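Each chain is listed here by its residues.
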Amino acid sequence: MSEPNGNGAQPKLTAKAYKTDQEVRWCPGCGDYAILAALQGFMPELEIPKERIVFVSGIGCAARFPYYMETYGMHSIHGRAPAIATGLSVSRPDLSVWVVTGDGDALSIGGNHLIHALRRNVNIKILLFNNEIYGLTKGQYSPTSPRGKVTKSTPMGSLDWPFNPISLAIGAEATFVARAIDTDRAQLTEVLRAAAAHKGSAFIEIFQNCNIFNDNAFDFVREEKENRIHLQHGEPVRFGAEGERGVRLRSDGSAEVFEGDGDPLAWDAHHPEASPAFALSRLTRDTVGATPIGIFRDVERPVYDELMADQLRTASEQREGKLGALLAGGDTWTIS
Amino acid sequence: MAKDTKPVEQVDSVIVRFAGDSGDGMQLTGGRFTSETAVLGNDLSTFPDFPAEIRAPAGSLPGVSGFQVHFADHDILTPGDAPNVLVAMNPAALKTNLRDLPRGGTLIVDQDTFTERNLAKAGYDANPLEDGSLDGYDVHTVPLTSMTLEATKEVEGVTKREAERAKNMFALGLMSWLYHRPTDNTVSFLERKFAKRPEIAEANKRAFHAGYAFGETTEDFAVSYQVKPAKLRPGTYRNITGNQALAFGLIAASVKSGLPLFLGAYPITPASSILEELARHKNFGVRTFQAEDEIAAVGAALGASFGGSLGVSTSAGPGVVLKSETVGLAVALELPLLILDIQRAGPSTGMPTKPEQADLLMVLFGRNSESPVPVLAASTPAQCFDAAIEAARIALKYRTPVYLLSDAYLANGSEPWLLPDVDAIPPIEVDFTTEPPAEGDFQPYVRDDETLARPWAIPGTPGLEHRIGGLEKQDVTGNVDYDPENHDLMTRLRAQKVAGIASDIPELEVDDPDGADLLVLSWGGTYGPVAAGVRRVRGDGGKVAHAHLHYVNPFPRNTGEVVGAYERVLIPEINLGQLRKLIRAEFLVDAAGFNLVRGLPFRASEVQEAIEAML
């Protein structure tokens, strides 16, 4: 295998270089278009030759993504992309491996793979397009749909309590957790940039509008921008049209929104403890009518890929692998 | 050791079974006896038989663990049908194993364990050592436990419990005397094993020596036995289990192909020891990934294959069934992937430590749609080495998932292995595509004329960026395609590619010295007992032909010819007739079956009877 090479020996590419010859087949008006454009626009910034970039996806609308990126790619099976990407990343540390997934793919059928990739801190960047609905199968409720959601499979309303993807990722020991909105390209790009720079697993939830089966699900922040609680590391957490609202921690560690003057939390995405990030993740449409976007958590922890490479290196230094010696190890005897 | 003064009898073959509580160290005892035997140059074959429970209640019937070793002065094929000698460390071991000991067989029991309590746990109303029920056997009641305690009492720093646990070494010492096994290796083994607790090593050594000395001095054993070395092919040998041979074969395939080995696995009986063995050989660049589940294990292996590794996943039936969607993806992606199924008795959880060969139809057909996968099956513990290399070769050459079947019998059983000359193992050529085509775009589904394999261009190769996936692909371009004619073509191409492997594997060999009318056709792990059964029939003057399949998909190209050339075909299988179904369907041959599904390997005598019934 080749040595890592992130020095961008090629001339700097443009977004166009990352477009494939495939016709993009999402529904007109789908939030995925904006995310695709943001990704293609961001890729040149990575300064990684495009042959070293791989997009791996599972099944769902979002999972078509690799077909539209002029990199290496695999459109795999439902929920398994984090597992496949783990094997690829661990065996090829020279690659930049991205997983594109959806709320059903990542949190329902693939929940197990997601949490384990995050806890291991495999060097993969996971983009979860959350539209709170099953789009490809035409409109059944998903594990992020709010309780009571009326869909084709829940005519009397969903009974399921939904996952909060940010809380889940933090609980799964993720070292990088962020949220973005499909249409806010500048903020999405900022989060992508931080995720790419992060060593280890990065988890980004992207609010993505499904205009066919769950239109306007995120209007409370997508359209009503005053409800976006922008998390900026080192900055006080204030939001609202004039910054008139703030977020602070109660004595029990939970987060609350307050109006007017007061002492907002100064955001520390690198906090060694996960609890402040978790507390902020509980601020949602349902609890406060607003929700944070940006980076909840960005901490350093040894990267699985590197740890494995270290073990291989150590073992090779201790004893060269000789096939003949391996086979003849243990008790042998000779017959003449 | 002192020189023997008692008479020595020559015998040509012996079968010894050690049986005791799971905590009694029977596997270790059997393993040591095997090593001593191997060094002596006997041919041998072993079969450990143990419960899935790690430590079932002490003294209980389900907690009995056994280890059978067959050794001889000639070439042998199986661990033997019935022991000549049974060492029973407690009443439960006696109760569960006595039925296998023929009348007149030698029975050695630890009389100290035949207490009221232990007898009750084993379900004995009366003490079999006293009620005459063992009169038909050559019984030796030995106070193994108390003599072990006596032998170790002067060792300081050892508790009574620890000392008592050395009783398996007393038994080993006694058996080593009885069959003239060399003892030096066991002594140095104990010193190595208990290097951190020399007092435990000392207690075990004393128990071992005491057992040997007891044999020499007691009047209870009038004679000892010698089994001369077997005339095996010249060379250097080691004893090897099937799972160890698979692990070595995978490493050899990695070395010979120049591709790093990536193993994705989830612990499962009886496959876990492959993961454990490979995890010890990171110096060969082996990456072992213990995944969160069976699905992730094979998914990670496939991801590694996409990146240019030799991706492998190991499991048993209950895990393999979970891998089928990923194997289907690998069929569509046309990437190399190796899946090892160490079959165990089922369905569902079944009997995890017991062998069966009933996953054949699952690995052939257990996927949605037309999803052809080559299937190979290993035949003996040592042959697992060659089988792993061959399975890897086919996967890499034809860009296909490959199933390699083994089973619990091969996995844990062992036999002497003539070490191969590693330089003589042919290289596995892997031709990654590295250059963009002179004109136009890279076509990921253009095919090699001969193999029908598609190009393997790994990430990191400039100019060959491409996307693959589980959606149907257009021939040549690999673009997503729903055209009906294209789907028909792709379905046929995938099938042809796998079928074409028949021209790249050896023909089915037939062992038919006498011009028989009856062919016995076996596959996989039953090779030993079936070949032994065939030998017995011939020994009695019967005429029978034998062919053994190492490839089940595709079949060797002459299989139809072979099965069609005999008046009758008998297919023995540890299932209800899976290969038989295939042979009948494929070649319209009215094959008969011999099927036992007990979670046990065949006995040679059973195969013999089945053959003779058809002569």
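Go over the interface of chain B and chain A, please, and point to the residues and values.
Facing 74 residues of chain B, the contacting portion of chain A comprises 56 residues. For the pair chain B and chain A, the summed buried surface comes to about 5400 Å²; carbon and sulfur atoms form 63% of the total. Contact with chain A buries area across many residues of chain B, yet N283(B), E292(B) and R467(B) alone supply 14% of it, more than any other trio. Counting across the chain B and chain A interface gives 3 salt bridges. Joining chain B to chain A, the criterion identifies 28 residue pairs in polar contact (both at pLDDT 80 or more). Those elements that provide at least two residues to the side of chain B that touches chain A are α1 (26–40), β9 (235–241), α9 (242–257), β11 (287–290), α11 (294–306), α12 (317–333), β16 (414–418) and β17 (467–469) of chain B. In terms of residues, the side of chain B that touches chain A owes the most to one element, α11(B), which gives 7 residues.

Any chance you could break down the packing of aromatic side chains for me, citing the residues and the numbers?
One pass over the structure, following the stated rule, counts 22 aromatic pairs over all chains. An angle of 85° between the planes, with centres 5.7 Å apart, marks the rings of W26(A) and Y33(A) as edge-to-face. Judged by relative accessible area, W26(A) falls into the buried class, the value being 7%. The partly exposed category is assigned to Y33(A), whose relative accessible area is 31%. Site record: aromatic cluster; members linked through ring pairs are W26(A), Y33(A), F42(A), F55(A), F65(A), Y68(A), W98(A) and F129(A). Geometry around F189(B) places R32(B) over its ring, the cationic atom sitting 4.4 Å from the centre. Here the basic side chain of R454(B) rests over the ring of Y445(B), its NZ or CZ set 4.7 Å away from the ring centre.

Go over the sheet that holds strand β13 (residues 337–343) of chain B with me, naming the residues and quoting the values.
Residue and element names in this part refer to chain B. If you trace the 7 strands from one edge of the open sheet to the other, you get β11-β10-β12-β13-β15-β14-β21, paired in mixed fashion. Edge positions in the sheet fall to β11 and β21 (551–553), since each of these pairs with one other strand and no more. Within this sheet the neighbouring strands show an average axis-to-axis angle of 20°, counted without direction. Inspection of the sheet shows β13 paired to strand β15 (residues 401–407) by 7 bridges, in the parallel sense. Bridge pairing in β15 links L340 to L404. Strands β12 (310–315), β13, β14 (375–377), β15 and β21 of the sheet are contacted by helix α14 (residues 383–398), whose axis makes an angle of about 165° with β15.

Describe the pattern of salt bridges, and please don't skip the residues or the numbers.
Residue and element names in this part refer to chain A. On inspection of all chains with the given rule, the structure shows 44 salt bridges over all chains. The closest approach of N and O atoms between R245 and E259, which form a salt bridge, is 3.0 Å. Of this pair, R245 sits in strand β9 (residues 245–249) while E259 sits in strand β10 (residues 255–259), and the two are 14 residues apart along the sequence. Note on R245: relative accessible area 18%, which makes it buried. When its relative accessible area of 53% is taken as the criterion, E259 is described as exposed. The salt bridge involving E256 is made with R250; its shortest N-O contact spans 3.2 Å.

Outline unusual backbone geometry, supporting the account with residue identities and numerical values.
Across the chain, the bulk of peptide bonds are trans and the bulk of non-glycine residues have phi less than zero. All names here are of chain B. A cis amide bond links T269 to the next residue, P270, at an omega of 0°. Position of P270 among the secondary structure elements: in the loop between β10 (261–265) and α10 (272–279). Backbone torsion omega between N553 and P554 reads -10°, so that peptide bond is classified as cis. Its location among the elements puts P554 in the loop between β21 and α18 (559–564). Residue S348 is not a glycine yet carries a positive backbone phi of 50°. Its place among the elements puts S348 in the loop between β13 and α13 (360–365). Relative accessible area serves as the criterion here: at 63%, S348 is assigned to the exposed category.

Reading the values: the criteria
- Residues numbered from 1 in each chain as written.
- Chains lettered and ligands numbered in written order.
- Predicted model: local features only at pLDDT ≥ 70, side-chain atom pairs only at ≥ 80, totals over all residues.
- Heavy atoms only, no water.
- Contact = heavy atoms within 4.5 Å.
- Buried area = accessible area lost by both parts, 1.4 Å probe.
- Salt bridge = Lys/Arg side-chain N within 4 Å of Asp/Glu carboxyl O.
- Polar contact = N/O pair within 3.5 Å; in protein donor to acceptor, adjacent residues only side chain to side chain.
- Helix = DSSP H or I, 4+ residues; strand = E, 2+ residues; numbered from the N terminus.
- Phe/Tyr/Trp six-rings, centres within 6.5 Å; stacked < 30°, edge-to-face > 60°.
- Buried < 20%, exposed > 50% of the residue type's maximum accessible area, 1.4 Å probe, protein only.
- Lys NZ or Arg CZ within 6 Å of the ring centre and 35° of its normal.
- Pairing = 2+ DSSP bridges.
- Axes fitted to C-alpha atoms, helices over the stretch in contact; angles between N-to-C directions.

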